[in-house]
Each structure stands twice: as C-alpha cells, then as structure tokens.
Amino acid sequence: MNGNNELKEIITTISDKLDFSGVVYVKQNENVLSNTAFGYRDRGEKLPNTSDTRFGIASGCKLFTAIGICQLVEKGIVNFDTRLVDCLDIDFPNFDKKITIHHLLTHTSGIPDYFDEEVMSDYEELWTDYPVYQINSLKDFLPLFQDNQMKFKPGHKFHYNNAGYILLGLIIEEQTGRCFTEFIESEVFHRCNMLDSGYFSLDQLPENTANGYIDNNEKKTWRTNIYSIPKQGGADGGAFITAPDMIKLWDSLFDFKLLNEETTRELLTPHVHVNGEVHYGYGIWLNQKNDHVYKYHVMGYDPGVSFRSSVYPQADLKIVIPSNIESGPFEITKAIEGFLLNK
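What you see is a predicted model; the values in this text were computed from it and never measured.

(A) Main features of the pairing of strand 14 (residues 317-323). Counted residue by residue, strand 14 has 7 buried out of 7 residues, so it is predominantly covered. Of the pairings in the sheet, the one linking strand 1 (residues 22-28) to strand 14 comprises 5 bridges and is antiparallel in character. Across the sheet, Q28 pairs through a bridge with L317, a residue of strand 14. Both strand 13 (residues 305-312) and strand 14 contribute to a ladder of 7 bridges, which runs antiparallel. Bridging from a neighbouring strand, S306 pairs with S323 of strand 14. Turn length for the strand 13-strand 14 hairpin, with the two strands adjacent in sequence and antiparallel, is 4 residues, and the turn residue D316 shows positive phi of about 50°.

This is the structure:
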C-alpha cells in the first residue's frame, strides 16, 4: 500500500510541476495503481477532467488502422505483400509500383507525406490552402500528396509517414465497402467493449469530451484546437478514447480477441529498426534489448493533444496517459517507469 501511495505522490508531484491536464492510468497485474485526472476538459466553464473523460489521441490510433488491415489479411482479402496498385483503385502517377501494404504499415514506403516534419515544423501551416473544415473524408487528404514525387525506394528506410496510413484507411474502405471510421468503431472498439471511444467530429463532441488546448505561455493565453486539426479523425490519427477503454484495447489485443495469435505476433514483430533500441511493428513502436521486446507503445501529438500508452509484458504493466495539452505524457511515463521498473 505504501508503494501505491508513493506512486500516486510521484504522479501528483510531476503533474503539478508540469501543470498537466489529462488522465494518468496505471494498471499492473489486475491492480489499478493510478486512475487520476488533472486539469480541465473545458477551461471556459471550468469543467474538470475525470477518469472517464474522452481525449483525442492523434497518431496513437495508427494501431487501430493496423489492426483493421490485419483483420482483412485474416479474411484473405489482402496480404501484407499485396501491392498498393492491386488493392486501391486511385491513381498515383509518381508512386513506385512496388509499394506494398507492409511498406505502408511500417513507414518504409517512400511515398511523400502530406505533413513532412523535415519540411514543415508547424502542423497548422497545412491548412492555409486546405481549410480543416473541408477535410471531411480520407479522400480529402489526397490533393496534399497524390501527385508528388517519391522520397526514396520502397523498403529503403524508415521515415514516419501519415499519408501511408491515409492510404491504408482508403484500402479498408475500398475492400470492405464501409466507411473507415464506422469499420474501426465496429470491428475494433465494439469488439473490445470500448463503448466510450470513437471518431467524433470537433463540432459535435459528445458529453465529457476534452477540448484540446494550445497555450501561448509568453502571452499567458490559450485557444482550442478546433481550427488546427481536421474536424474528424481518420486512419492516421484523431480518434477519441478514455483511459479505461485503451486498457481494454491492450487486453483484447494481447488476449487474441481482435486477431488470431499468428497475426497478432506479426503485428507485434519489430519489422524495422528506427534507432537505438526502438523498432516499429505494424502501427506500434517496440523497444528491444538483446532480441527481447520489453516495451510496446503508441504515442500521438497534435496541436492541443499529447498521448502516450505503453505495455511492459515482463512486468504485466500498462500505462495510459491521454492529455488535452501539448506535453506531459512522456515525462510522466518516464517517472512511472523509473519508480515501478527500476526498483
């Protein structure tokens, strides 16, 4: 019990120091060690975040897209070596014909990204010519990258790429005849009993959903992110989850309730080396030491959003930290790791 209190004190201390806004959910074995909320989901009305508040998780939901693609593989509709040109009836005049689903899943396709962090540092710059309120579907992203040149040959290297996941979502739509968001909500969220999660439009948010806040610390002002990100999330990011729902996702994935054991192993394989101990599977980051994966994690960053969620299989530990400001989850995750894993 003392250790539990000490963990809560560590979390509270660092959260106060960071002026954190969000939820810190920690579960080890069957014990919930922390389920603590900080800050406001609505600053204007001073409505506090709760443990069941829904948060946007930006790129944290690339994992959901990867699971959806893996489900199509299990059904025999596509396989990981299926070429893009053979499963998506959209013309990309400058794309290499050798691009496969595996390349798209692992960020090794070499296609141009619609948001390339080497070229553009501010995500909001994207929407100068393409207003966010006009992005209503996955196909609305195509003009941002469809006619651009390849960056490198498929399989040549890892380069994080949002456009690749837009294409994966379009593959799901074309091969199933269903809207991407409806497919993921039905085939992933509902199968995990994630009843509070979904792809919500920013102008139609359900109850107990956190607004995303962008702080200007110099001017001591803030604004919401409603004009800074697409109004509804899609295949590369933007779903809303609650912390308890994300735990359900991890439990269902590792219990083979979403995919069979063989496909789950494929998703969780370190397919490409990123740097140091960090590798990438299908929609998921992996930390590996001596050919041994000790951490699986997803993360997401958007204007007004930051998110980290990690699984440590040897310690039977799961951490979920969604936030409606732009920083905090990384530092809090490190503090929890330092306390629970380095004893």
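(B) Seen up close, unusual backbone geometry. Of note in the backbone geometry, A58 takes a positive phi value of approximately 50° without being a glycine. With respect to the secondary-structure elements, A58 resides in the loop between strand 5 (55-56) and helix 2 (62-74). Residue classification places A58 among the buried residues on the basis of a relative accessible area of 2%. Look at F256: it is not a glycine, yet its phi comes out positive at around 60°. The topology assignment puts F256 in the loop between helix 7 (243-254) and helix 8 (261-267).

(C) Summary view of the nonpolar core. Among the nonpolar cores identified, the biggest contains 79 residues, and F64, F145, L167, L249 and L267 are the most heavily contacted of them. F64 has contacts with I57, I184, V188, F189, Y199, A239, I241, M246 and L249, leaving out every residue within four places of it along the chain. F38, L317, I319 and L340 belong to the second-largest nonpolar core, a separate cluster that totals 16 residues.

(D) Representation of helix 7. The terminal C-alpha atoms of helix 7 lie 17 Å apart, and with 12 residues this matches the ideal 16 Å at 1.5 Å per residue to within 8%. Across the 12 residues that make up helix 7, a large majority, 9, are buried. Within helix 7 the residues assigned to the buried category are A243, P244, D245, M246, I247, L249, W250, S252 and L253. Sitting at the amino-terminal end of helix 7 is T242, which places a side-chain oxygen 3.1 Å from the backbone nitrogen of D245. Looking one or two residues past helix 7, F256 carries a phi angle of roughly 60°, positive in sign.

(E) Molecular detail of the sheet that holds strand 14. One open sheet holds the 8 strands; their spatial order is 2-1-14-13-12-11-10-9, and the pairing between them is antiparallel. Each of the sheet's edge strands pairs with one partner strand only, and the pair in question is strand 2 (31-38) and strand 9 (272-275). Between one strand axis and the next, the sheet turns by 20° as a mean value, whatever way the strands run. With respect to the sheet, helix 7 is in contact with strand 1, strand 12 (292-302), strand 13 and strand 14, its orientation differing from that of strand 14 by roughly 140°.

(F) Molecular detail of the packing of helix 2 against helix 7. Relative orientation of the contacting elements helix 2 and helix 7 amounts to 35°, with a least axis distance of 13 Å. Here helix 2 runs over helix 7; the crossing is left-handed. On helix 7, the residues touching L63, F64 and I67 of helix 2 are M246, L249, W250 and L253. Split by residue class, the contact of helix 2 with helix 7 holds 7 nonpolar, no polar and no charged.

(G) Quick look at the pattern of salt bridges. In this structure the tally under the stated criterion is 14 salt bridges. D86 is paired through a salt bridge with R83; the nearest N and O atoms lie 2.9 Å apart. A relative accessible area of 34% means that R83 is categorised as partly exposed. Among the salt bridges present, the one from E277 reaches K289, with a minimum N-O distance of 4.0 Å.

(H) The packing of aromatic side chains, seen in detail. Enumeration according to the criterion identifies 16 aromatic pairs in this entry. Connected via pairs of aromatic rings, a cluster forms that spans F64, F180, F189 and Y199. Stacked on the ring of Y165, the Lys or Arg K62 has its end atom at 5.8 Å from the ring centre. When the ring centre of Y294 is taken as origin, the NZ or CZ atom of K289, which lies over that ring, is 5.4 Å away.

Reading the values: the criteria
Residues numbered from 1 in each chain as written. Predicted model: local features only at pLDDT ≥ 70, side-chain atom pairs only at ≥ 80, totals over all residues. Heavy atoms only, no water. Buried < 20%, exposed > 50% of the residue type's maximum accessible area, 1.4 Å probe, protein only. Helix = DSSP H or I, 4+ residues; strand = E, 2+ residues; numbered from the N terminus. Pairing = 2+ DSSP bridges. Core = buried A, V, L, I, M, F, W, Y, C linked by side-chain atoms within 4.5 Å. Contact = heavy atoms within 4.5 Å. Expected span 1.5 Å × (residues − 1). Polar contact = N/O pair within 3.5 Å; in protein donor to acceptor, adjacent residues only side chain to side chain. Axes fitted to C-alpha atoms, helices over the stretch in contact; angles between N-to-C directions. Left-handed = near helix turned anticlockwise from the far one by under 90°. Nonpolar A, V, L, I, M, F, W, Y, C, P; charged D, E, K, R; others polar. Salt bridge = Lys/Arg side-chain N within 4 Å of Asp/Glu carboxyl O. Phe/Tyr/Trp six-rings, centres within 6.5 Å; stacked < 30°, edge-to-face > 60°. Lys NZ or Arg CZ within 6 Å of the ring centre and 35° of its normal.

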